[in-house]
Amino acid sequence: MSRFQYFVAASLDGFIATSGDDLGWLLQFDGFEGGKESYDTFMADVGCIVMGGETYAWLMEHEPGNWPYPDTPCYVFTRHEHTAPAGSDITFVRGDVREFIQDFKENAAGRNIWVVGGGNLAAQFADAGLLDELILSVIPVVLGDGKRLLPLEGPTPPLELTASRTMGRGIVELRYRLSAGGNAA
């Protein structure tokens with residue numbers, strides 16, 4: 001059964017990017033011990049990607065002509081007009097995330113659905129009770145402000161910690177099950 005997973009890195013103070021979308025603080029940790037293994041293991045179970053428009057624009061700006069997910073169907077939620085890179089399987093959509101749940105699941109073909117951000121898109125899934133798991137790499141950096149990990153209104157019910165591990169350079173990976181998750185729709 002497909003699960004909706006938010007696999008993400010955040011600073012110690014809960015930000016996934018600076019307010020100007022700078023990821024230099026995170027990219028300095030590229031190649032840390034355990035990072036590639038964690039990512040590769042995660043991606044082996046991903047059958048569909050759901051991405052926010054700002055994340056897509058960042059990828060296109062910073063990796064022009066290099067779509068990192070050529071073999072995985074991807075839905076991009078955006079209000080802007082974009083073109084897809086050659087060789088990609090990208091569908092641009094607008095609307096409530098609940099409208100597309102069946103499409104995501106069909107494209108995932110029994111594998112998991114990765115909600116790739118940003119935090120606002122992941123929050124929409126969480127608000128709808130659709131986000132099953134948060135896989136968070138806590139990066140030992142304090143940003144002070146920026147784009148929040150999961151910008152929800154009010155407190156959530158307690159999340160259930162299902163696994164944790166220390167990785168290289170002081171990074172800790174935490175896996176949480178969201179008690180409100182459950183593949184609604």
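Residues numbered from 1 in each chain as written. Predicted model: local features only at pLDDT ≥ 70, side-chain atom pairs only at ≥ 80, totals over all residues. Heavy atoms only, no water.

Here we take up unusual backbone geometry. Positive phi, normally seen in glycine, also occurs at Asp 21, with a value near 65°. For Asp 21, a relative accessible area of 29% gives the class partly exposed. Phi at Arg 169 is positive, roughly 60°, even though this residue is not glycine. Within the secondary structure, Arg 169 is located in the loop between β9 (160-166) and β10 (172-177). (Buried < 20%, exposed > 50% of the residue type's maximum accessible area, 1.4 Å probe, protein only. Helix = DSSP H or I, 4+ residues; strand = E, 2+ residues; numbered from the N terminus.)

Quick look at the environment of Gly 129 now. You can see Gly 129 is positioned in the loop between α5 (119-127) and β7 (133-139). A relative accessible area of 13% means that Gly 129 is categorised as buried. For the pair Gly 129 and Gly 20, spaced 109 residues apart in sequence, the C-alpha to C-alpha distance is 29 Å.

This paragraph deals with the pattern of salt bridges. Applying the stated rule across the entire model yields ten salt bridges. Note that Arg 98 and Asp 96 form a salt bridge whose closest N and O atoms lie 2.6 Å from each other. Assessed through its relative accessible area of 28%, Asp 96 is described here as partly exposed. One salt bridge in this structure joins Glu 160 and Arg 177, with 3.3 Å as the shortest N-O distance. Of this pair, Glu 160 sits in strand β9 while Arg 177 sits in strand β10, and the two are 17 residues apart along the sequence. Classification of Glu 160 by relative accessible area gives partly exposed; the value is 44%. Judged by its relative accessible area of 43%, Arg 177 is partly exposed. Salt bridges sharing partners connect three or more residues here, namely Arg 3, Glu 133 and Arg 175. (Salt bridge = Lys/Arg side-chain N within 4 Å of Asp/Glu carboxyl O.)

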